[in-house]
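# Structural overview for review
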Amino acid sequence: MTPWLVLVLAMGLGLLAGSFLNVVISRLPRMLERQWRADSLAFLASDTDTPVSSDAGDSVRFDLAQPASHCPQCQTPIRWRDNLPILSFVFLRGRCRQCGQAISGRYPLVEALTSGWFVAAAWFWGSDITALCWALWGAVLIALAFIDIEHQLLPDHLTLPLCWGGLLASTLGWIAADPISALWGAALGYLLLWGVAQVYQRLRGQAGMGQGDFKLLAALGAWLGWQNLSILLLLACVLGIGHGFMRPRAQRLASPHFAFGPSLCLAAVLVLWAGRGQPVLLAF
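Everything numeric in this text was worked out from a predicted model, so none of it was measured. (Residues numbered from 1 in each chain as written. Predicted model: local features only at pLDDT ≥ 70, side-chain atom pairs only at ≥ 80, totals over all residues. Heavy atoms only, no water.)

## What about the nonpolar core?
- Trp137, Leu141, Leu216, Leu232 and Leu264 are the most contacted members of the largest nonpolar core, which has 59 residues in total.
- Looking at this core element by element, the count peaks at 13 residues for helix 4 (residues 129-151).
- Excluding anything up to four places from it in sequence, leucine 141 contacts Leu162, Leu216, Leu220, Cys265, Ala268 and Val269. (Core = buried A, V, L, I, M, F, W, Y, C linked by side-chain atoms within 4.5 Å. Buried < 20%, exposed > 50% of the residue type's maximum accessible area, 1.4 Å probe, protein only. Helix = DSSP H or I, 4+ residues; strand = E, 2+ residues; numbered from the N terminus. Contact = heavy atoms within 4.5 Å.)

What follows is the structure, encoded as structure tokens:
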């Protein structure tokens, strides 16, 4: 295939992947909440030996495939022509065709970001397995970043496969990090933030960071190698501090906590771009 055709194909695949990521971002946290509620009710029932009533809606199938795409306001199923990535949002002027309710701008944003990332991966790494690895890596980071922004949650369903994927890709030689660098990157990535969280908890008497951040940095270390962890974490802290200062004062007073996952994801992309998967300090 000619280079331009590769880029066009990457753009199309990125749009489709972005559309699927929107489903993951919207439904995965709700799926986890339903599972946690079901587990809690099952524990209460076994502990008290008395039946515990559950929400009738929990018995209805709800996953990434069912129910079909529909408007969250009027519940009208979305037809295929109204479900085209980005185009449908533009044609409908950001509103549901049936009820006129505004559609979140997150949908076209995720689709555009994913498509742009797929094109960038094809541009810099060609059309081989390495480009596909980094394209999927970026797609998972986009999903994690938006889930963390909306729910302050980094699901194990995404962070753990991302970590194992990095270790596998390094072992098979699909990415630049060698297996030893990837293994140490995963181990040190987890221990770094775990250690920071332990020190904070001892000094302040409260948790300052979720375990999802530990697992995310471990996954990033598996992909980028231990050599990139220091610059990655430093850059993520700078981005996080900047984000904290940019938040409105009323919002900071109402909730001092904010998602650190997006800062880690963005820092990882910048580090990857600076070194093309190699240690950044050596790349410079």
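There's plenty left to go through after this.
## With respect to helix 7 (residues 211-224)
- Between its first and last C-alpha, helix 7 extends 20 Å over 14 residues, near the 20 Å set by a 1.5 Å rise per residue.
- The buried fraction of helix 7 amounts to 13 of the 14 residues, a majority that puts the element mostly inside the structure.
- Two residues or fewer after helix 7 comes glycine 225, characterised by a positive phi angle close to 85 degrees. (Expected span 1.5 Å × (residues − 1).)

## Points about a nonpolar patch on the surface
- Residues Ile129, Leu132, Leu136, Leu168, Leu172 and Trp174 make up a contiguous nonpolar surface patch of about 530 Å² in total accessible area.
- For the nonpolar patch, the element with the highest residue contribution is helix 4, accounting for three residues.
- For isoleucine 129, the position within the fold is in helix 4. (Patch = residues over 30% accessible without salt bridge, like charges linked within 9 Å, V, L, I, M, F, W, Y side chains within 5 Å. Areas by Shrake-Rupley, 256 points an atom, 1.4 Å probe, with all protein chains shown as cover. Salt bridge = Lys/Arg side-chain N within 4 Å of Asp/Glu carboxyl O.)

## Some details on the packing of aromatic side chains
- Summed over all chains, the structure comprises nine aromatic pairs.
- Arranged with centres 5.9 Å apart and planes meeting at 25 degrees, the rings of tryptophan 125 and tryptophan 134 form a pair that is stacked.
- Tryptophan 125 gets classed as buried once you look at its relative accessible area, which sits at 14%.
- Grouping aromatic residues by their ring pairs yields a cluster made of Trp117, Phe124, Trp125, Trp134, Trp137, Trp223 and Trp273.
- A cation over an aromatic ring shows up here: arginine 106 above the ring of tyrosine 107, its NZ or CZ 4.6 Å from the ring centre. (Phe/Tyr/Trp six-rings, centres within 6.5 Å; stacked < 30°, edge-to-face > 60°. Lys NZ or Arg CZ within 6 Å of the ring centre and 35° of its normal.)

Keep in mind these values describe shape, not function.
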